[in-house]
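Here is how the chains run, residue by residue.
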Amino acid sequence: MSGKISIGPIAILIVGAVLAYGILNMEKLTPKNSQRHDDHKGYGKTEQRGKHGGWLFAERDFQVEVKIYEDGIPPQFRVYITSHEGEAINFKEIDLNIVLKRLDRTDTIDFKPSGEYLLGDKIVAEPHSFDMIVNAKWKGQNFQWKLSQIEGRAEFSPEAIKNAGLVFKKVSSAKLASTIQLPGEIVLNEEKLVHIVPRVNGVVKKVFKDLGDRVSAGEIIAILESQELADSKVGYLARIKQVDLAKTDLGRETLIFDNTRQMLELLENEEDLEVIDRQLNGRLIGKNRELLIPAYAKLRLAKSIHLQEKELFKKGITAESGYLLAWKDYKSAEARYIALREKISYDGEWSLRKKKHTLEINQLNLETASQKLLALGLVPEEVEQNEQRFTRYELRATLNGTIIQKHLTTGEAVNNDDEIFLLADLSEVWVNFAIPEKELNKVRLGQKVILKTESRILHAKLSYLSSVIDEKTRTATGRAVIPNIKGELRAGAYVTVDLILGERKVPMVVELDAIQNFRDWSVVFVKYGSLLEARPLKLGEKDGNKVEVLQGLKVGDQYVAKNSYVVKAEIEKSGATHSH
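Residues numbered from 1 in each chain as written. Predicted model: local features only at pLDDT ≥ 70, side-chain atom pairs only at ≥ 80, totals over all residues. Heavy atoms only, no water.

*Asks:* Please explain the overall build of the protein chain as it appears in this structure.
*Replies:* Looking only at helices and strands, the protein chain has 8 helices and 30 strands in total. In terms of overall dimensions, the protein chain has C-alpha extents of about 215 × 65 × 50 Å along its principal axes. Relative to its full complement of 580 residues, the protein chain shows a buried share of 38%. A sequence separation of at least 24 residues applies to 69% of the contacts in the protein chain between residues at least 6 apart. (Helix = DSSP H or I, 4+ residues; strand = E, 2+ residues; numbered from the N terminus. Buried < 20%, exposed > 50% of the residue type's maximum accessible area, 1.4 Å probe, protein only. Contact = heavy atoms within 4.5 Å.)

So, in structure tokens, the structure goes:
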């Protein structure tokens, strides 16, 4: 056996070599996933790559490598064309273009020689997501290859859109605000913040409200016992009595004055005493009647005697001395009567004036006592009550608000200047923020302010701007007033403040929340039927809500404005990323 050669193993080696050779040559003749120009079954994905890293298409003795070159330059097609053996082909013999069918348009790219390759005449715009058709002519032969290149794209059914909470908006023009962003702090509205003090010394008898309780203006929040209040109430009641007495005196004096004036008028008309007595019967006149009526009677008697003596003297019956005596008595009675009338008239007016003055003084004293009680915190109804609870002091809220501080307990002695409650109306709060000195020349009262909390975006106006710059921070304080009806904004919380310095209209904007970082781009996801595809954007200025789009979209494009991160996650999960 040592001299014999075994043929079996040799034969096996020869057959294996032949098969390997055949397989290698078959792969060269038929590239994987390439499609002939007459194949209309759709788009495929070629996995075969050329020596430049591009997609490799081959048919018969014609081989095309398509490369998107983007190293340090905007992406362009470079096409390398050789024979099956790798020999160069004269570019003048070739007519080639590439058609890119995108979701929103079709791009046709023509080529011209550039060294060892053909160079496309257009930038291959991102994203590189398209159905590509390579059309070529060479030596009277037509070639066509198709390839589907998908990236930055995901498909969402109507149900998936609803479940993901996607909200769509259209790209449109809008006013874009020029803003500065500043840190802000929510503080209490100092114009609606009050310290409740008792205003009297006393002892706490009962407390009705605690920290956090809401109160209404005029509501009783505590009751004190106060001797000081009792003294003031007693003084007030004494003034009431004095006013009542002065009113009674004035009324009586007024009645006497009016009746006396009527009596004087009757006497002026020289009525008979019987007539005068009848008309004045029952009227309150006092001493004036007692003094004036007798004087009037004496005057009438003296006048009558004088007239009788005058007639007798004229007839020579009586002597002249009798007539002169009667005339003297008459004039004397008349003088006394006139003097008495004048005195009674003057005294009446003077007495009436004094009574009025006394009433006015007493009324002033009463008003002073009343104002003192009001100043102590009593309401008008309490002041007017004549109940004998002199020491009871009802401490009341002075505005609608919430108790945020409390410093008293039952049985505690308090002074009239102790701040025992701090009451705040929280229906409005202030937001204070520091504005840098260098920005102040752009800031004006009334400018719009956008405030961002962890859960809300609020809109307001700049209502206050400090005229003093802080020496240490070189800032001035700005302020906005914010409604807080539900009490969701809490003093001490920090917010982000966007102060709107001005506005300008721009052709295209998108919502700031719609922007996602995808690869090296800022993108939004545009809707085409059920497909959502990333659109790389060149962005301009932004404000608190919107951002200017300089390039990458057109007006009317529908994009995902809310929850766009869901689309990004779906794309990354599906692997529709950059792979060329």
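*Asks:* Any chance you could explain the sheet that holds strand β17 (residues 401-406) here in plain terms?
*Replies:* Whenever strands of a sheet pair, they do so through backbone hydrogen bonds, lying parallel or antiparallel. With respect to topology, 4 strands assemble into an open sheet ordered β12-β19-β17-β14, the strand pairing being antiparallel. Strands with a single pairing partner mark the edges of an open sheet, and in this sheet they are β12 (193-196) and β14 (214-215). With 2 bridges connecting them, β14 and β17 associate as antiparallel partners. Paired with Val215 across the bridge in β17 is Gly401. (Pairing = 2+ DSSP bridges.)

*Asks:* Can you walk me through the layout of surface pockets in this structure?
*Replies:* Empty pockets left among the atoms are what a rolling probe the size of a water molecule brings to light. In this structure, the largest pocket encloses a volume near 490 Å³. Taken together, the residues of the lining of the largest pocket break down into 9 nonpolar, 2 polar and 10 charged. (1 Å grid on protein atoms, 1.4 Å probe; cavity = no way out; pocket = protein on both sides within 12 Å on 5 of 7 lines; lining within 4 Å. Points joined across faces, edges and corners; volume = space filled by probe spheres on them. Nonpolar A, V, L, I, M, F, W, Y, C, P; charged D, E, K, R; others polar.)

*Asks:* Can you walk me through the sheet that holds strand β3 (residues 76-83) in this structure?
*Replies:* Here 8 strands make up an open sheet; going across it, the order is β1-β2-β3-β6-β5-β4-β7-β8 and the pairing antiparallel. If you trace the sheet from one side to the other, it starts and ends with β1 (55-59) and β8 (141-149), each paired once. Each strand axis lies, on average, 25° off the axis of its neighbour in the sheet, ignoring direction. Inspection of the sheet shows strand β4 (residues 94-101) paired to strand β7 (residues 130-138) by 8 bridges, in the antiparallel sense. Looking at the pairing, Leu96 lines up with Ala136 of β7. (Axes fitted to C-alpha atoms, helices over the stretch in contact; angles between N-to-C directions.)

*Asks:* Looking at this structure, how should I read the packing of helix α3 (residues 227-268) against helix α6 (residues 320-375)?
*Replies:* Axis angle and axis distance: for two packed helices, these are the angle between their axes and the distance between the axes, and together they describe the pair. The interhelical angle for the contact between α3 and α6, taken along N-to-C directions, is 160°, at an axis separation of 8 Å. Between α3 and α6, the interaxial angle falls into the category roughly antiparallel. When the axes of α3 and α6 are compared, the crossing they make is left-handed. Per-class residue counts for the contact of α3 with α6 are 16 nonpolar, 12 polar and 11 charged. (Parallel < 35°, antiparallel > 145°, perpendicular 65-115°, else oblique. Left-handed = near helix turned anticlockwise from the far one by under 90°.)

*Asks:* Please explain the packing of aromatic side chains as it appears in this structure.
*Replies:* Note on aromatic pairs: each is described by the distance of the centres and the angle between the planes. Taken as a whole and judged by the stated rule, the model has 10 aromatic pairs. Centroid distance Phe313 to Tyr323: 5.3 Å. Interplanar angle 10°. Geometry classified as stacked. With Phe313 in helix α5 (residues 287-314) and Tyr323 in helix α6, the pair connects residues that are 10 residues apart, well separated along the chain. Taken together, Phe57, Phe62, Trp138, Phe143 and Trp145 form an aromatic cluster joined through their ring pairs. One Lys or Arg, Arg479, reaches over the ring of Trp430 and ends 3.8 Å from the middle of that ring. One cation-aromatic arrangement involves Lys527 over Phe168; the distance from NZ or CZ to the ring centre is 5.7 Å. (Phe/Tyr/Trp six-rings, centres within 6.5 Å; stacked < 30°, edge-to-face > 60°. Lys NZ or Arg CZ within 6 Å of the ring centre and 35° of its normal.)

*Asks:* Got a minute to help me understand the side chain of Thr260 in this structure?
*Replies:* Looking at where Thr260 falls in the secondary structure, it is placed in helix α3. Here Thr260 falls in the buried class, since its relative accessible area comes to 5%. With residues near it in sequence (within four places) discarded, Thr260 still touches Ile285, Asn288 and Ile344.

*Asks:* I would appreciate a short explanation of the pairing of strand β19 (residues 421-424) in the present structure.
*Replies:* Residues in a regular strand point their side chains to alternate faces of the sheet. Because side chains alternate across β19, one face comprises the buried residues Phe421 and Leu423, and the other comprises Leu422 and Ala424, equally buried. With 4 bridges joining them, β12 and β19 adopt antiparallel strand pairing. Bridge pairing in β19 places Val194 opposite Leu423. Judged from the 4 bridges that link them, β17 and β19 form a sheet pairing that is antiparallel. By the bridge assignment for β19, Ile403 is matched with Leu423.

*Asks:* Looking at this structure, I do not really get the nonpolar core. What am I missing?
*Replies:* The biggest cluster of nonpolar side chains holds 31 residues, and the ones touching the most others in it are Ile221, Leu373, Tyr393, Leu395, Phe421 and Leu423. It is α3 that provides the largest number of residues to this core, a total of 6 residues. For Leu395, the residues in contact, after removing those within four places along its chain, are Ile196, Val197, Pro198, Glu219, Ile220, Ile221, Ala222, Ile420 and Phe421. Phe62, Ile89, Ile109 and Phe130 belong to the second-largest nonpolar core, a separate cluster that totals 27 residues. (Core = buried A, V, L, I, M, F, W, Y, C linked by side-chain atoms within 4.5 Å.)

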